[in-house]
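The primary structure of each chain is shown beneath.
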Amino acid sequence: MRPARVASGLPWQPTPELAARIDALARAYRTEVRDTLAPLVAAWHPALSASATEYAKMLELSTKMTLVGHACTMLSGYEFDARRRRIAILFGCCCFLADSFLDDFGPAATRLYLQRFARLLSAGWFEIRTERERLFYVVLARLFAERDMLDPLLRQAILRLHAAQAQDVMLRLDPDHLAALPERHQRTLLKRNARDRSGHAIIALTTFLVPSLPLAMIALIFAAGALIMFIDDHGDCYTDRRDGRLTYMNQVRDPERVLHRIALAYFARLASGLPSNEGRDLLLGFLLRYYLTRIDKHREQRRRGGTAWDVYE
Amino acid sequence: MSTSESARPLLDQAALAVQALHRAGRLGSDVLVRIDNTEETAAAPYQFDAARGTLHRRGCRAIPDGAPLYARWHLTRDDLKHACKRCKPLPDEQHNTEPTDRADLLFGLVSLVDQFGGVLKERGKDFRKTEEGQQLSAQLGAIYRNLGRREKDVLDTVLSTLDAVIERLRALDRSLNRNGADGRD
């Protein structure tokens, strides 16, 4: 199905001006992300900027987090001011670095990082051994200095995000455990894991940005996060398979059709449940754009084989 | 609380220094900050299933396997819109199981004052000797001299009160360390 036709079938349609508004925001945030993170990288991990693709990917992830943070802040009735933009940027950088620790240094390092993150969360200690870890810790310290870290919801979101990441890693490092389950249970577990990874991440991001979240908003923002991960995993389908990483989206027979079914349900829920304001339009507009670009990414990777370091806006 | 941009490199250095001191075995504490509130959340009276948007009492059998749960200690009337039809959580139930975050924060502050008090004093002495420190000292002295009698009294009262609070908290902390978790003599 062509992307334009995919979009027209969704139960929410953007206004003609929304795409231009999101374009303008993305451009502005990309610049602000670079201005915020470049001095930190130069001071604490200069080698990172030498790896052009990885650096670009970090900036792009932080830009995405800033856009999503903007939408969720406005949904909650707050202004997305300079301080909140800084928090969202730091959060994006922190997620990028934490993901890289779990993904890029081999299975032994991955297991060790999980243990070290658990110690960081339970006692606050993190033994810094590399420049990358130094940058991560400085970014984390700045992020923690911006917010009451003892807020119960924020603590839970961070803990649950860590647990979901740990489960994702174990599914990758210990595939026999998953393979021993009936196929249907395997897919249920993978689907739940995808939902939780991004669901808890977006709750953590939003809780960093606003003082409180009503229950209705927690459920809807969690749903938006879950949809982001299904879309993301669809885009990375071939690279994930190549890297031996099992996801729900690379285990289903017809991923594009499955994703469309998921997107229809989530868009319907979000469109009817979210309060009608600028935050809602931004969030849904972002999700639609993300959905369409990841369909392209999936098809592109199918044509030329997955490359892990593609940077997509 | 946000900090000014100029103070940030110093805070970065401070954050790294705390970890380095701990690695070198020069900090006695077992815990710097504990984000992990698993014990408290497991004991909370309500659990909210973020995937289905349903609020349950703790242990409700209708909670789906693998549900992404967020603990709640209090309910509002609005929360009832999401109440599970099976366990029917109510907002008027009294639960005295507030998370002890504020107390944790106070004791965290006490432990930091306790651990770094000596270091801070030494750093303060060193800073006073620097050009910047001497300028600041002269400015503060001038400000203090220009305060009226009443303003000086207020400032002195605030400082001595802070001192008394810190002393009291340190005494409580020592008492807890001596007598175990409940702090009784």
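In what follows, the structure referred to is the one given above.
The written sequence of each chain sets the order in which its residues are numbered from 1. Here chains are named by letter from A upward and ligands by number from 1 upward, in the order in which they appear as written. Since the coordinates come from a predicted model, pLDDT governs what is reported: local features require at least 70, and pairs of side-chain atoms require 80 or more to be given and counted, while whole-chain, interface and lining totals use all residues. Side-chain metrics in this entry use all non-hydrogen atoms of the structure; hydrogen atoms and water are not considered.

**Thoughts on the overall build of chain B**
Rules: Secondary structure elements are defined from DSSP: runs of H or I of at least 4 residues count as helices, runs of E of at least 2 residues count as strands, and each element is numbered from the N terminus. Under the scheme applied here, a residue whose accessible area is under 20% of the maximum for its type counts as buried, over 50% as exposed, and between as partly exposed, the area being computed with a 1.4 Å probe on protein chains only.
A tally of regular secondary structure across chain B gives five helices and three strands. N-terminal to C-terminal, the α/β element order of chain B is α-α-β-β-β-α-α-α. Out of the 185 residues in chain B, the part that is buried amounts to 27%.

**A short note on the sheet that holds strand β3 (residues 69–72) of chain B**
Backbone-to-backbone hydrogen bonds pair the strands of a sheet. The strands run either parallel or antiparallel. Formally: Strands were regarded as paired on the criterion that DSSP finds at least two bridges between them. Lines fitted to the C-alpha atoms define the axes, with helices restricted to the stretch that makes contact. Angles between their N-to-C directions range from 0 to 180 degrees. Working rule for contacts: check all heavy atoms of both residues, and any pair within 4.5 Å makes them a contact.
Spatial strand order, β2-β1-β3 (chain B): three strands in an open sheet with antiparallel pairing. The strands lining the two open edges of the sheet, one partner per strand, are β2 (54–57) and β3 of chain B. Neighbour to neighbour, the strand axes of the sheet diverge by 30° on average, direction disregarded. Here four bridges tie strand β1 (residues 46–49) of chain B to β3 of chain B, and the two strands are oriented antiparallel to one another. The partner of phenylalanine 48 of chain B across the bridge, within β3 of chain B, is tyrosine 70 of chain B. Contacts from helix α11 (residues 215–235) of chain A reach β1, β2 and β3 of chain B within the one sheet, and its direction differs from that of β1 of chain B by about 40°.

**Focus: the packing of helix α5 (residues 82–103) of chain A against helix α10 (residues 183–209) of chain A**
Residue and element names in this part refer to chain A. Using the following cut-off: An angle below 35 degrees is treated as roughly parallel, one above 145 as roughly antiparallel, one from 65 to 115 as roughly perpendicular, and anything else as oblique. Each crossing gets its handedness from the near helix: less than a right angle anticlockwise from the far helix is left-handed, clockwise is right-handed. Gly counts as polar in this scheme, as do all residues outside two lists: the nonpolar Ala, Val, Leu, Ile, Met, Phe, Trp, Tyr, Cys and Pro, and the charged Asp, Glu, Lys and Arg.
At their nearest, the axes of α5 and α10 sit 9 Å apart, and the two run at 150° to each other. For the element pair α5 / α10, the angle class is roughly antiparallel. Along this stretch, α5 crosses α10, giving a crossing that reads as right-handed. Counted together, Arg84, Ile87, Ala88 and Phe91 of α5 and Ala201, Ala204, Leu205, Phe208 and Leu209 of α10 form the full contact between these two elements. Residue composition of the contact of α5 with α10, grouped by class: eight nonpolar, no polar and one charged.

**What about the interface of chain A and chain B?**
This is how it is decided: Defined in terms of a 1.4 Å probe, buried area is the accessible area two parts forfeit on being brought together, summed over both. Salt bridge criterion: a side-chain nitrogen from Lys or Arg within 4 Å of a carboxyl oxygen from Asp or Glu. N or O atoms closer than or at 3.5 Å make up a polar contact, with two conditions inside protein: a donor-capable atom paired with an acceptor-capable one, and, for residues adjacent in sequence, both atoms drawn from side chains.
Taken together, the contact between chain A and chain B spans 45 residues of the former and 47 residues of the latter. Summed over both partners, the interface of chain A with chain B buries about 3900 Å², with 56% contributed by carbon and sulfur atoms. Together, Trp125, Arg155 and Leu215 of chain A form the three largest contributors to the area buried by chain A at its contact with chain B, with a combined 21%. Our count for the contact surface shared by chain A and chain B stands at two salt bridges. Connecting chain A to chain B are 21 residue pairs in polar contact (both at pLDDT 80 or more). Looking at the side of chain A that touches chain B, the elements that each hand over two or more residues are α2 (18–44), α5, α6 (107–123), α7 (131–145), α8 (152–173), α10 and α11 of chain A. Per-element accounting of the side of chain A that touches chain B gives the leading share, eight residues, to α8 of chain A. When the residues that make up the side of chain A that touches chain B are grouped by side-chain class, the tally is 27 nonpolar, four polar and 14 charged.

**Re the nonpolar core**
Using the following cut-off: Nonpolar cores were defined as sets of buried Ala, Val, Leu, Ile, Met, Phe, Trp, Tyr and Cys residues, with membership established by side-chain atoms within 4.5 Å.
Judged by nonpolar contacts, the single largest core of 121 residues is most densely connected at Met58, Phe136, Phe230, Phe267 and Leu287 of chain A. Take this core: its biggest share by element is 15 residues, from α11 of chain A. Discounting chain neighbours no more than four positions away, the residues touching leucine 287 of chain A are Ala224, Leu227, Ile228, Ile231, Phe267 and Leu270 of chain A. In this structure, Cys60, Ile63, Ala67 and Cys87 of chain B belong to the second largest nonpolar core, which totals five residues.

**Here we look at the state of the cysteines**
Two cysteines whose sulfur atoms are joined by a covalent bond form what is called a disulfide. All names here are of chain A. The cut-off we apply is this: To count as a disulfide, a pair of cysteine sulfur atoms needs to be within 2.5 Å.
Applying the stated criterion to the full structure yields zero disulfides over all chains. Here cysteine 94 is not disulfide-linked; the sulfur of cysteine 95 is the nearest cysteine sulfur, at 6.1 Å. Judged by its relative accessible area of 9%, cysteine 94 falls in the buried class.

**Considering the packing of aromatic side chains**
Working definition: an aromatic ring pair is given by the centre-to-centre distance plus the angle between the planes. The test is simple: Side-chain rings of Phe, Tyr and Trp, where Trp is taken by its six-membered ring, are said to pair if the distance between their centres is within 6.5 Å; with planes under 30 degrees apart they count as stacked, over 60 as edge-to-face, and otherwise as tilted. Working rule: Lys NZ or Arg CZ, within 6 Å of ring centre, within 35 degrees of ring normal, means a charge sits over the ring.
Under the definition given, this model contains 14 aromatic pairs over all chains. A centroid spacing of 6.3 Å and a plane angle of 50° characterise the contact between phenylalanine 230 of chain A and tyrosine 266 of chain A, whose relative ring orientation is tilted. Of this pair, phenylalanine 230 of chain A sits in helix α11 while tyrosine 266 of chain A sits in helix α13 (residues 255–273), placing them 36 residues apart in sequence. Among the residues examined, phenylalanine 230 of chain A registers a relative accessible area of 1% and is labelled buried. Relative accessible area serves as the criterion here: at 18%, tyrosine 266 of chain A is assigned to the buried category. Here the aromatic cluster, defined as three or more aromatic residues joined through ring pairs, consists of Phe101, Tyr113, Phe117, Phe126, Phe136 and Tyr137 of chain A. In this structure, arginine 116 of chain A packs its charged tip against the face of phenylalanine 126 of chain A, placed 4.7 Å from the ring centre. It is arginine 160 of chain A that lies over the ring of tyrosine 70 of chain B; its NZ or CZ is 5.7 Å from the centre.

**Regarding α6 of chain A**
Residue and element names in this part refer to chain A. The cut-off we apply is this: Helix span, as expected, comes to 1.5 Å for every residue beyond the first.
Between the first and last C-alpha of α6 there are 24 Å, a value that for 17 residues agrees with the 24 Å anticipated at 1.5 Å per step. Those residues of α6 that sit buried are Thr110, Tyr113, Leu114, Arg116, Phe117, Leu120, Leu121 and Ala123. The inward-facing, buried residues of α6 contact α5, α7 and α8.

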